[in-house]
Amino acid sequence: MVSMCMLLLLILLLPVSILSLPDCTFQAVFNFGDSNSDAGGLSAVFGQFPPPNGDTFFHSPAGRHSDGRLLIDFIAEGLGLPYLSPFLDAIGTNFSHGANYATSGSTVRRQNTTIFQSGYSPISLDVQYAEFSDFLKRSQIIREKGDVFKSLLPEKYKFSSALYTFDIGQNDLTAGYKLNMTTEQVKLYVPDVISQFTTVIKNVYALGGRAFWIHNTGPVGCLPYIMDTRPITAAQVDPHGCAAPFNGVSQYFNQKLKEAVIQLRKELHSAAISYVDIYSVKYSLIAQAKKLGFGDPFLVCCGHGGKYNFNNARRCGTTEMVKGKEILIANSCKDPSSRSSWDGIHFTEAANRWMYSQIADGAFSDPPVPLKMACHINK
């Protein structure tokens, strides 16, 4: 009921000019991000995520840290498009309706470690942009060859009429925690992260991108992964059970990102930029988890042991050799739809579906424009 009242209020606040405009006809989506929207980029390079990932919807591992679909999958469905093919995947790829450049572990800033040392992807946001820029140019050259290439690559006009989605930044914050930085030390480098983020937005705009759908970062302090691996005192736990100091850093990041988006609107006059408050959506999910049928929001569906059914050394899909036989010890719960946390870091398909239902109508967007109308500039 609260969400419906909020939506009605937002509709009343929208300019009449926006309300009278038709839905956009996005024929392509180009996504940049991390594991929150990675549909197979990292697994195409470093190997498939193990079962039971993907079991609910795809019935086998599908390059996603979830039992099924991610927010980006629901966004594609909502726009009437097929799921985006990962740019790095050479098997069964079809880029005629866009591409997904996200890889799990990606950061905005390059990390000074290898993926084998820290778990962070070498495909940082600037690399994802380089992939996109090269794809834009080379796809048109290859299309001219005809044959199957022509049907699997997007026409040039689709790049300027596409929706550009971004969901990245969370790993930049946790990277500091892994180096045992304090929350204040992490905050000190946030402006540089935001600066590099906005540089990529400007570069995509320079190549013709006009409609941008940008998610802020979620409440890091509500992740079982953080709550289990970082020192947190009882006084630092908020009323909903999350670690307040870590959420404070996420909020600071989001504040700076929103300020940057406001500045981008002044500089990129032909851009339509939607800033989506995914933080509030995820925090609302945590706060209402039991009411929504998800039970304990910190109880991990796919894990093994520990307070939250999460053990950082035995994450979802971990196996052990027992008497010469490989046994899955970090398995899925019986009903993933009854949990919101899939593996302590990522969400279940059911939670992702609920989050999509909250953002699709624009109730958590600034300006409050629905996804299907995100191409219209709010003046």
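What comes next concerns the included structure. As the structure is a prediction and not an experimental result, all values here were calculated from the model.

## Side note on the pattern of salt bridges
Part 1 of the reasoning: Summed over the entire model, instances satisfying the criterion amount to 14 salt bridges.
Part 2 of the reasoning: Between Lys158 and Glu155 there is a salt bridge; the shortest N-O distance is 3.3 Å.
Part 3 of the reasoning: Where Glu320 meets Arg314, a salt bridge forms, and the shortest distance between an N and an O atom there is 2.7 Å.
Part 4 of the reasoning: Take Glu320: its relative accessible area is 30%, and that puts it in the partly exposed class.
Part 5 of the reasoning: Residue Arg314 is classed as partly exposed on the basis of its relative accessible area, which comes to 30%.
Part 6 of the reasoning: Through salt bridges with shared partners, a single ionic network connects Arg69, Glu77, Glu349 and Arg353.

## Looking at the packing of aromatic side chains
Part 1 of the reasoning: Per the counting criterion, the structure on display carries 27 aromatic pairs.
Part 2 of the reasoning: Look at Phe57 and Tyr83: their rings are 6.2 Å apart centre to centre, the planes differ by 80 degrees, and that puts the pair in the edge-to-face class. Note that Phe57 is positioned in the loop between α3 (41–46) and α4 (71–78) and Tyr83 in the loop between α4 and β2 (98–100), a separation of 26 residues in sequence.
Part 3 of the reasoning: For Phe57, a relative accessible area of 29% puts it in the partly exposed group.
Part 4 of the reasoning: Seen in terms of ring centroids, Phe132 and Phe159 are 6.1 Å apart; in terms of plane orientation they differ by 55 degrees. Their pairing is tilted. Here Phe159 lies in helix α8 (residues 157–160) and Phe132 lies in helix α6 (residues 125–143), a separation of 27 residues in the sequence.
Part 5 of the reasoning: Each member of the aromatic cluster is reached from another via a ring pair, and the members are Phe30, Phe32, Phe87, Phe95, Tyr101, Phe132, Phe135, Phe159, Tyr164, Phe166, Phe197 and Phe212.
Part 6 of the reasoning: Between the NZ or CZ atom of Arg69 and the centre of the ring of Phe57, over which it lies, the distance is 3.9 Å.

## Description of the state of the cysteines
Part 1 of the reasoning: Per the counting criterion, the structure on display carries four disulfides.
Part 2 of the reasoning: Across the disulfide, Cys301 is cross-linked to Cys333 (sulfur-sulfur distance 2.0 Å). Taking the sign of the S-S torsion, about -95 degrees here, the bridge from Cys301 to Cys333 comes out left-handed. Taken as a pair, Cys301 in the loop between α13 (278–287) and β6 (319–322) and Cys333 in the loop between β7 (325–328) and α14 (349–359) lie far apart in primary sequence, 32 residues in all.
Part 3 of the reasoning: The class of Cys333 is buried, set by a relative accessible area of 14%.
Part 4 of the reasoning: The connectivity of the disulfides in the protein is 1-8, 2-3, 4-7, 5-6, where the numbers refer to bonded cysteines in sequence order.

## A closer look at the pairing of β7
Looking down a regular strand, the side chains alternate between one sheet face and the other.
Part 1 of the reasoning: Strand direction decides the pairing type here: β6 and β7, joined by four bridges, are antiparallel. Each residue of the ladder has a partner; that of Met321, found in β7, is Glu326.
Part 2 of the reasoning: Connecting β6 to the next strand, β7, in antiparallel fashion are two residues, including Lys323 with a positive phi near 55 degrees.

## Considerations on the packing of helix α9 (residues 170–178) against helix α10 (residues 183–206)
Part 1 of the reasoning: Two elements in contact, α9 and α10, have axes separated by 10 Å at closest approach and are oriented at 145 degrees. Viewed along their axes, α9 and α10 form a crossing whose handedness is right-handed. On α10, the residues that touch Asp172, Leu173, Ala175, Gly176 and Tyr177 of α9 are Val186, Tyr189, Val190 and Val193.
Part 2 of the reasoning: Of the residues in the contact of α9 with α10, the class split is seven nonpolar, one polar and one charged.

## Details of unusual backbone geometry
Most peptide bonds take the trans configuration, and most residues that are not glycine carry a negative phi.
Part 1 of the reasoning: The peptide bond linking Pro51 to Pro52 adopts the cis configuration, its omega dihedral lying at 10 degrees.
Part 2 of the reasoning: Its location among the elements puts Pro52 in the loop between α3 and α4.
Part 3 of the reasoning: Although it is not a glycine, Lys323 sits at a positive phi angle of roughly 55 degrees.
Part 4 of the reasoning: The topology assignment puts Lys323 in the loop between β6 and β7.
Part 5 of the reasoning: Residue Lys323 is classed as exposed on the basis of its relative accessible area of 88%.

What counts and what doesn't
- Residues numbered from 1 in each chain as written.
- Predicted model: local features only at pLDDT ≥ 70, side-chain atom pairs only at ≥ 80, totals over all residues.
- Heavy atoms only, no water.
- Salt bridge = Lys/Arg side-chain N within 4 Å of Asp/Glu carboxyl O.
- Buried < 20%, exposed > 50% of the residue type's maximum accessible area, 1.4 Å probe, protein only.
- Phe/Tyr/Trp six-rings, centres within 6.5 Å; stacked < 30°, edge-to-face > 60°.
- Helix = DSSP H or I, 4+ residues; strand = E, 2+ residues; numbered from the N terminus.
- Lys NZ or Arg CZ within 6 Å of the ring centre and 35° of its normal.
- Disulfide = S-S within 2.5 Å.
- Pairing = 2+ DSSP bridges.
- Axes fitted to C-alpha atoms, helices over the stretch in contact; angles between N-to-C directions.
- Left-handed = near helix turned anticlockwise from the far one by under 90°.
- Contact = heavy atoms within 4.5 Å.
- Nonpolar A, V, L, I, M, F, W, Y, C, P; charged D, E, K, R; others polar.

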